[in-house]
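Read off the chains here:
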Amino acid sequence: METLAVPQGNFKLSRFPVRQQETLRAWDAADEYLLDYLNDEQLLHSNCHILIVNDSFGALACALSGYDTVSVSDSFIAQQGMQLNLNQNQLDPDAVEFRHSLMAYGQADKPYDIVLFKVTKSLAQLEDQLHRIRPYITHNSRIIAAGMAKGIHTSTLQLFTTIIGQTKTSLARKKARLIFAHFDPELIPPENSYPRSYRLANTEYQILNHANVFSREKLDIGTRFLIENLPTDNRFQQIIDLGCGNGIVGLMAAAANPQASLRFVDESYMAVASARENFSLAFPDREAQFEVTDCLKGIPSDSSDLILNNPPFHQQNAIGDFIAWQMFTEAKTILKSGGELWVIGNRHLNYHAKLKKLFGNCSTIASNTKFVILKAIKR
Ligand SMILES: C[S@@+](CC[C@H](N)C(=O)[O-])C[C@H]1O[C@@H](n2cnc3c(N)ncnc32)[C@H](O)[C@@H]1O
């Protein structure tokens, strides 16, 4: 745990989930720049109504918890991180209201004085979020975004200009930059292009994707390889699509295993909402479960006989195989004895060694020049 020292106070912050020997901080230079700017420009006053969008682990929420603050994010991890950090700084855990990305961002009769954005890599998510804040701002609102300079492009600024109004940027400080957008009530922005759908080739399935969903424009090539090699012998009763994204993997597993009950799990609210919509459209008479959680937290042990997983390689800008490792470890607990974990990954990721170490066995279901599908059995 490290301490963020800003004009609003000193805050001990951890990333979520907490890991031993964590080398990464729970905030970045863009958070510091933003909080310093609010202080330097004296923008905070006692009854300020503030919206924070995409706070990674609650650094901004902790610093601004003394105001009337709402935090919007698509990430369950971010939500948990905020709760953890409010608690460990003895701040009221309810002081900042959390709203997920598909909820209304505020109340129309109570516009925000200040909107603080952490710019994420995904332009699609930014586009969607800028549309969603419009009903809750006026020309008096201060809209300030922050990000690391390398992640702020002309296309990023263009989105602010076309959806909010005139936009300019600050100088870079510690490689971070601020964006200032001025709401233009006369502006008629283009339609929000999310959610979007595509037809899954060779099927009847129409796949809906909210803005922050993995491979939202078309089927990912790794996912395609996995669905081409799914088990079809109908021997599984409880199947989990772990890290489900839009739910294509679980959907195709459901089609191939008509007796099975399905559970879709992801840490993204938009992913789980997309999977729910896609499944109920494809199988209107079939029940399934949908959970927003971190890996498999909260899912009963020994409750599944097949877990399908295309693991992510990053979380909150941190790249690595730590989430894959966490997913495999938790899958082992959730599987029944004899249950199987099927994992797809790039060949170079060497998931084989991890699965062998954890499960004591690992075999190859299929492989091509780029991907390998592995199976580990809980003995
Ligand atoms: C590579 S994508 C796979 C999506 C989908 N299964 C597919 O193959 O198209 C990985 C997914 O894992 C999700 N994810 C990332 N971290 C997670 C976590 N800690 N718990 C649950 N899901 C997570 C991401 O939101 C993303 O949808």
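About the cut-offs
- Residues numbered from 1 in each chain as written.
- Predicted model: local features only at pLDDT ≥ 70, side-chain atom pairs only at ≥ 80, totals over all residues.
- Heavy atoms only, no water.
- UniProt positions renumbered as here; feature names shortened; annotations may be inferred.
- Domains from an automatic or database assignment.
- Contact = heavy atoms within 4.5 Å.
- Buried area = accessible area lost by both parts, 1.4 Å probe.
- Pairing = 2+ DSSP bridges.
- Helix = DSSP H or I, 4+ residues; strand = E, 2+ residues; numbered from the N terminus.
- Axes fitted to C-alpha atoms, helices over the stretch in contact; angles between N-to-C directions.
- Core = buried A, V, L, I, M, F, W, Y, C linked by side-chain atoms within 4.5 Å.
- Buried < 20%, exposed > 50% of the residue type's maximum accessible area, 1.4 Å probe, protein only.
- Salt bridge = Lys/Arg side-chain N within 4 Å of Asp/Glu carboxyl O.

If you check an unreviewed UniProt entry, the protein appears there as Ribosomal RNA large subunit methyltransferase G from Amphritea atlantica. Note on the protein: under the UniProt heading Sequence similarities (unreviewed entry), the record states "Belongs to the methyltransferase superfamily. RlmG family."

Help me understand the domain arrangement of the protein in this model?
In terms of domain boundaries, the protein breaks down into domain 1 (2-181) and domain 2 (196-377). Spacing between the C-alpha centres of domain 1 and domain 2 amounts to 31 Å. The interface is formed by 23 residues belonging to domain 1 together with 17 residues belonging to domain 2. Carbon and sulfur atoms make up 56% of the surface buried where domain 1 meets domain 2, a total of about 1,700 Å² over both sides.

I'm lost on the sheet that holds strand 19 (residues 363-367) in this one. Help?
Hydrogen bonds between backbone groups are what pair the strands of a sheet, and the pairing can be parallel or antiparallel. Read across the sheet, seven strands follow the order 14-13-12-15-18-20-19 without closing on themselves; strand pairing throughout is mixed. At either end of the open sheet lies a strand with only one pairing partner, and these are strand 14 (288-292) and strand 19. Sheet twist, expressed as the mean angle between neighbouring strand axes with direction ignored, is 20 degrees. Packed onto the sheet, helix 6 (residues 221-228) meets strand 18 (335-346), strand 19 and strand 20 (371-377) and runs at close to 50 degrees relative to strand 20.

Which parts of the structure should I look at to understand the nonpolar core?
Buried together is how nonpolar side chains tend to be arranged in soluble globular proteins. Leu 13, Leu 35, Leu 38, Leu 64, Leu 116, Ile 144 and Leu 178 are the most contacted members of the largest nonpolar core, which has 39 residues in total. Among the elements that make up this core, the one with the highest residue count is helix 1 (residues 29-40) (seven residues). When residues no more than four places from it in sequence are discounted, the contact partners of Leu 178 are Tyr 33, Leu 34, Tyr 37, Ile 144, Ala 145, Ala 146, Lys 168, Thr 169 and Ser 170. By size, the runner-up hydrophobic cluster in this structure holds 33 residues, among which are Phe 236, Leu 251, Phe 283 and Ile 373.

What is the right way to read the pattern of salt bridges from this model?
Note on pairing: side chains with opposite charge can pair once their charged atoms come close. Taken as a whole and judged by the stated rule, the model has 17 salt bridges. The partner of Arg 173 in a salt bridge is Asp 36, with the nearest N and O atoms 2.7 Å apart. You can see Arg 173 sitting in the loop between strand 8 (167-169) and strand 9 (176-181) and its partner Asp 36 sitting in helix 1, a full 137 residues away along the chain. Taking the relative accessible area as the measure of exposure, Arg 173 reaches 31% and is therefore partly exposed. Given a relative accessible area of 18%, Asp 36 falls into the buried group. In this structure, Glu 97 and Arg 99 form a salt bridge, with 2.8 Å as the shortest nitrogen-oxygen distance. Since its relative accessible area comes to 37%, Glu 97 is described here as partly exposed. The class of Arg 99 is buried, set by a relative accessible area of 13%. Within the structure, one salt-bridge network assembled from shared partners comprises Asp 233, Arg 235, Glu 340 and Lys 375.

For this particular structure, what's the right way to read the sheet that holds strand 4 (residues 68-73)?
Spatially, seven strands are ordered 5-4-3-6-7-9-8 in an open sheet, and the strand pairing comes out mixed. Across the chains shown, the open sheet's two edge strands, defined by having one partner strand only, are strand 5 (96-100) and strand 8. Ignoring strand direction, the axes of neighbouring strands in this sheet form an average angle of 20 degrees. Of the pairings in the sheet, the one linking strand 8 to strand 9 comprises three bridges and is antiparallel in character. Note that in strand 9 the partner of Lys 168 across the bridge is Phe 180. Across the sheet, helix 4 (residues 123-133) lies against strand 3 (49-53) and strand 6 (114-118), angled at about 170 degrees from strand 6, the strand it touches most.

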